[in-house]
Every structure is written in C-alpha cells, then in structure tokens.
Amino acid sequence: MKKQPLFSSMHTHTKFCDGKDDIETMCQAAYDNSLFAIGFSSHAPTDKQLGSVNGWNMKSDLIDEYVKQVHAAKERWKGKLNVFLGLEVDYIKGKRSPLDSDIVNLKLDYIIGSVHYLFPENGAQGFTVDGPQEEFDTGLKYGFGGNAQKLMHSYYDAEAEMISAGGFDIIGHADLLKKNTLGKNLWRQEEETERQKEIVKIAKKMGLVFEVNTGGINRNKIPETYPSLSFLKIIKKFNVPVIITADAHRSKDINGNYVIALNTLKEAGIKKHYILKEKTINNKSVWLKEIIIKN
Ligand SMILES: [Zn+2]
Ligand SMILES: [Zn+2]
C-alpha cells in the first residue's frame, strides 16, 4: 500500500492502562493502515495523587517500563513509522496536572491534557464525567444537588483552568461531558456555547491544538466526534489547529471513523488538519505538519 502521510493516531491506549493491545500490536496496526505516525498516550498515573488505583489510569510503578517500551518501539520502527512518546494527563484541580514534576521529568514528546474527573466543591466524592451513567448520576445528585447546569459549568471551569495553566500540547476530547448527557437538554445550550467560546479563546492564546476524537463513535457511545460540529465551528472561527485522533483502545480502532471526523471538519468549514511531525524542544513551529482537506 502506498504510504501517504495524511493521518496520524496520537491518542492511543495500550495494556499499560485500559487498552487491550500491546505497543507493538498498535504500531503494526498504524503501519498497516498507512498512518504517518503513532503517539502513545497512556492515562498518566493518578494513584499517588488520589490515594487509590482505578481500572484505567496506568499504575505509577509501570511508568518506567512504559517509557522504555515506547523508546524501544521508536528504534524498531525507524524509517517505517514515526513513534512518539506521550501521556494523556488528567487535570484534577489541586491534585493532578500536566505541570507536575513527575510528568515534566519524563521529557515526553507531547502531552494530551484531559478533564475526566470532577471533584465537587461541596466535598462530595469525585467522579468521572465519562464513566458509567450511574456514576455520573450519583455525582450529579450528591456533588451538585441534581443541578446539571452547575455541573456543566464546573466541567468547563476545569477545562479553562487546565488550558490556562498549560504544560501540554493537545486538548483531549474538549466536550467529553456529553458522553452521559447528549440530547438530554439538561442545561441551556447558549450557556454551554459561551463556555466553549471561552475555552477556544484561551486555547488560541496558549497556542494549543484541539483533538478531533472519534473514540466515542468507535466505542458506540455517541454518534459524533469530540468536539461537536457546533464546537468545531467556534474553533474554525478562531482559527485554532485540530488533529484527528481515534482514542484507540484496540488496534482495530487505530484510525476508526476518521472519515466521519473529516466530514465533520468539512461541515465546520475547517480546511486543514495537522499531524505531528517532530518535536524540537522549545520550538513548537516544527511540531505540526499541515494537511489540506480535499473536497
Ligand atoms: Zn480521555
Ligand atoms: Zn484516551
């Protein structure tokens, strides 16, 4: 198959966290699908920060082996596939951030910053917005008194704080909140749109990139990309770069539903997306390679 550097897969999970396949299997799948690059973005450990392990963040004692194995894959695939070392780091106010020294010290090629957790201000138990519906409903009930509008603002507060603080490269699934709320009219849409505008403006100022993530479609959770078409239209308006990702947890999803992502970008009027080229320390200008979207 002719190799065309049109796509990459920079949001990739393996057995080191909640993925199903190992690093080599994912590299092979990226190569077989003619991708220009694969980036590994295991869920960074949170066990030391939260005081407990969960089923999806990498355990902290695995991090050295993870780094070693991705470096080994870079060597093995040299000349055939660009392999990048990254992490998907949770932003949890006061507890976890891409700026934490244990993350910075790893000297990663890139970092995806993501908000999955909300820790309500009333002290109720923290929960993930993309977990099972019951977990979400319990978090909404006890953390926000059932007021979904408040929860929505709390989610975008966390997004805004994370993006303002910086220390990462790609904004992960910027409207992940919709996983358990899409189509339910739980708050005024105009208010959410305002928050999304605010997020895009900060991202622009910080020189960050939004991922256009097909993970929700690949796993049959939602019928659309993160961010949504309307969110992407705001991103287009402010001319912030986007990178298409699959949030693959299985090798078969390595570039899953990229056609839907492309079509959504076209519909939003976005005429180019980017792939990761190479990263030179302190020189972000060579980080992205522009790909023009053909009609
Ligand atoms: Zn994520
Ligand atoms: Zn992910």
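My aim in this report is to walk through the structure given alongside it, one point at a time. (Residues numbered from 1 in each chain as written. Chains lettered and ligands numbered in written order. Predicted model: local features only at pLDDT ≥ 70, side-chain atom pairs only at ≥ 80, totals over all residues.)

**Overview of the overall build of the chain**
- The helix and strand tally for the chain stands at 10 helices and 11 strands.
- The globule rule puts the C-alpha radius of gyration for 295 residues at 19 Å, and the 18 Å found for the chain is close to it.
- Once the C-alpha set of the chain is aligned to its principal axes, its extents read approximately 55 × 45 × 35 Å.
- For the chain, the residues scored as buried account for 45% of the 295 residues in total.
- Taking the contacts inside the chain whose residues are at least 6 apart along the sequence as the reference set, 71% of them involve residues at least 24 apart. (Helix = DSSP H or I, 4+ residues; strand = E, 2+ residues; numbered from the N terminus. Rg over C-alpha atoms; globule rule 2.2 N^0.38 Å. Buried ≥ 20, exposed ≤ 12 C-beta atoms within 10 Å, placed from the backbone. Contact = placed C-beta atoms within 7 Å.)

**Concerning the pairing of strand 8 (residues 209–213)**
- Burial within strand 8 is extensive, with 5 of its 5 residues counted as buried.
- Residues V209, E211 and N213 of strand 8 are buried on one face, and the alternating residues F210 and V212, pointing to the opposite face, are buried as well.
- The pairing of strand 7 (residues 170–171) with strand 8 spans 2 bridges and is parallel. Note on strand 8: the bridge partner recorded for I170 is V209.
- Taken together, strand 7, helix 7 (residues 189–206) and strand 8 constitute a β-α-β crossover, and its handedness is right-handed.
- Pairing geometry for strand 8 and strand 9 (residues 242–245), over 4 bridges, is parallel. (Pairing = 2+ DSSP bridges. Right-handed = clockwise from strand over helix to strand, strands pointing away.)

**As for the sheet that holds strand 7**
- Across the sheet, which stays open at both edges, the 7 strands sit in the order 1-2-3-4-7-8-9 with parallel pairing between neighbours. Of all the strands in the sheet, the pair left with one neighbour each is strand 1 (8–9) and strand 9.
- For strand 3 (residues 82–90) and strand 4 (residues 110–114), the ladder comprises 5 bridges, and the chain directions are parallel. Across the sheet, residue L87 finds its bridge partner in strand 4, namely I111.

**Quick notes on helix 3 (residues 63–76)**
- With 14 residues, helix 3 should cover 20 Å at 1.5 Å per step; its first-to-last C-alpha distance of 20 Å lies within 8% of that length.
- Within the sequence span of helix 3, burial applies to Y66, V70 and A73. The arc that holds every buried residue of helix 3, seen down its axis, measures 55°, which confines them to one face. Counted as exposed and oriented over 90 degrees from the buried face of helix 3: D64, E65, K68, H71 and E75.
- Its buried side turned inward, helix 3 meets helix 1 (23–32), strand 2 (37–43) and strand 3. (Expected span 1.5 Å × (residues − 1). Arc of directions from axis to C-beta.)

**Some remarks on the nonpolar core**
- Of all hydrophobic cores here, the largest spans 75 residues; its most connected members are Y155 and F210.
- The greatest single-element share of this core, amounting to 7 residues, is contributed by helix 6 (residues 148–165).
- Setting aside residues no more than four positions away along its own chain, Y155 makes contact with V115, L118, V129 and L177. (Core = buried A, V, L, I, M, F, W, Y, C linked by C-beta atoms within 7 Å.)

**Observations regarding the packing of helix 1 against helix 3**
- For the pair helix 1 and helix 3, interaxial distance at closest approach is 10 Å and the crossing angle is 35°. The handedness of the crossing between helix 1 and helix 3 comes out as right-handed. Only Q69, V70 and A73 of helix 3 make contact with helix 1, whose side of the interface consists of I23, E24 and C27.
- Across the contact of helix 1 with helix 3, the residue classes tally to 4 nonpolar, 1 polar and 1 charged. (Axes fitted to C-alpha atoms, helices over the stretch in contact; angles between N-to-C directions. Left-handed = near helix turned anticlockwise from the far one by under 90°. Nonpolar A, V, L, I, M, F, W, Y, C, P; charged D, E, K, R; others polar.)

**Focus on the environment of M152**
- Here M152 shows up in helix 6.
- Note on M152: 21 C-beta atoms within 10 Å, which makes it buried.
- Once residues lying within four places of it in the same chain are set aside, the contact partners of M152 are L177, W187 and E192.

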